[in-house]
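Here's the letter readout for the chains.
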Amino acid sequence: DAKKACWTEPIDLFNALWMKTGSLHAIVVKKTHSIKNNLLCTNNLRIVWLSSTYEGHVHDKKICDEEPLLLPRGIRLWQDTGFIGHRPDGVEICMPRKKPKGKELTAVEKQENKRISGIRIKVEHAIGGMKKCRIVKERFRCHKFGFEDMVILIACGLHNFRIRHKMSHITN
């Protein structure tokens, strides 16, 4: 699944507004650029793979195509509809069914989608656990090369540490 965060790029609209209105009053707007990562997690919320950071407009499937991941044969991969067409070899794909144009899903298809979303929600919980690190969900103001990747990687590591620590208390 994909994780999104934001960074900002200020733009100066003063000259454009002054030319248009002749007034010395201006509103400066900041454009927000999103960034994203794909991740793979286990059913106990442990993040086991993280893609590089991409701009927010890059499609999830394209990230998978650019960073191929070798998955063990015979596993079941729960994907959302952003990965339509991504079919690794030897892997069973489980994906919710989209509503056909102008038609409705059958009761069986709706029930299957509900079952799949009940399993896939664990990915969203893993992303939420990673976003406990506030720097991940807020605007990045540091634009050093590799900074976003480092921050996301550290956040995933802290999330995995929390999960492991929580699991060790449960098993003892």
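All of these numbers come straight from a predicted model, not from anything done at the bench.

1. Looking at the overall build of the chain
The secondary structure content of the chain amounts to 5 helices and 7 strands. Along the chain direction, N to C, the helices and strands of the chain fall in the order β-α-β-β-β-α-β-β-α-α-β-α. With 172 residues in all, the chain has 31% of them scored as buried. In the chain, 46% of the contacts between residues at least 6 apart in sequence involve partners at least 24 apart.

2. Describing helix α3 (residues 107-130)
Look at α3: 35 Å from first C-alpha to last across 24 residues, which is about the 34 Å you get at 1.5 Å a residue. At I119, α3 shows its maximal kink, close to 30°. Those residues of α3 lying buried are N113, I116, R120, V123, A126, I127, G129 and M130.

3. Looking at the nonpolar core
Counting residues in each nonpolar core, the largest one holds 17 residues, and the members touching the most others are L39, C41, I47, M130, V136, I152 and C156. Of all the elements in the fold, those that place two or more residues in this core are β2 (30-41), β3 (47-50), α3 and α5 (147-171). Apart from the residues lying within four places of it in its own chain, the contact partners of I47 are L39, L40, C41, A126, M130, C156, H159 and N160.

4. A look at the pattern of salt bridges
Under the criterion given, the structure shown has 8 salt bridges. Note that E92 is salt-bridged to R76, the shortest N-O span being 3.4 Å. Residue E92 is located in strand β6 (residues 92-94), and its partner R76 is located in strand β5 (residues 76-78); the two are separated by 16 residues in the primary sequence. Of the residues examined, E92 reaches a relative accessible area of 40% and is grouped as partly exposed.

5. Overview of the confidence of the model for the chain
This prediction gives the chain a mean pLDDT of 81; 78% of its residues lie at or above 70. In this model, residues 6-14 is a region of pLDDT below 50 whose contacts with residues beyond four sequence positions or in other chains number 27 contacts.

6. Thoughts on a nonpolar patch on the surface
Side chains of M150, I154 and L158 sit close together on the surface and give an oily, nonpolar patch of about 270 Å² of accessible area. Within the secondary structure, M150 is located in helix α5. For M150, a relative accessible area of 44% puts it in the partly exposed group.

7. What to know about the environment of V58
Among the secondary structure elements, V58 is positioned in the loop between β4 (54-55) and α2 (60-66). In sequence terms V58 and I35 are 23 residues apart; their C-alpha atoms lie 8.8 Å from each other. Here V58 is in contact with K36 and I63, once residues within four sequence places are set aside.

8. Description of the state of the cysteines
Taken as a whole, this structure holds 0 disulfides when the rule is applied. Free cysteine: C156, not disulfide-bonded; nearest cysteine sulfur from C133 at 8.9 Å.

Scoring rules and cut-offs
Residues numbered from 1 in each chain as written. Predicted model: local features only at pLDDT ≥ 70, side-chain atom pairs only at ≥ 80, totals over all residues. Heavy atoms only, no water. Helix = DSSP H or I, 4+ residues; strand = E, 2+ residues; numbered from the N terminus. Buried < 20%, exposed > 50% of the residue type's maximum accessible area, 1.4 Å probe, protein only. Contact = heavy atoms within 4.5 Å. Expected span 1.5 Å × (residues − 1). Bend = angle between axes of the 7 residues up to and from the residue. Core = buried A, V, L, I, M, F, W, Y, C linked by side-chain atoms within 4.5 Å. Salt bridge = Lys/Arg side-chain N within 4 Å of Asp/Glu carboxyl O. pLDDT = per-residue confidence, 0-100. Patch = residues over 30% accessible without salt bridge, like charges linked within 9 Å, V, L, I, M, F, W, Y side chains within 5 Å. Areas by Shrake-Rupley, 256 points an atom, 1.4 Å probe, with all protein chains shown as cover. Disulfide = S-S within 2.5 Å.

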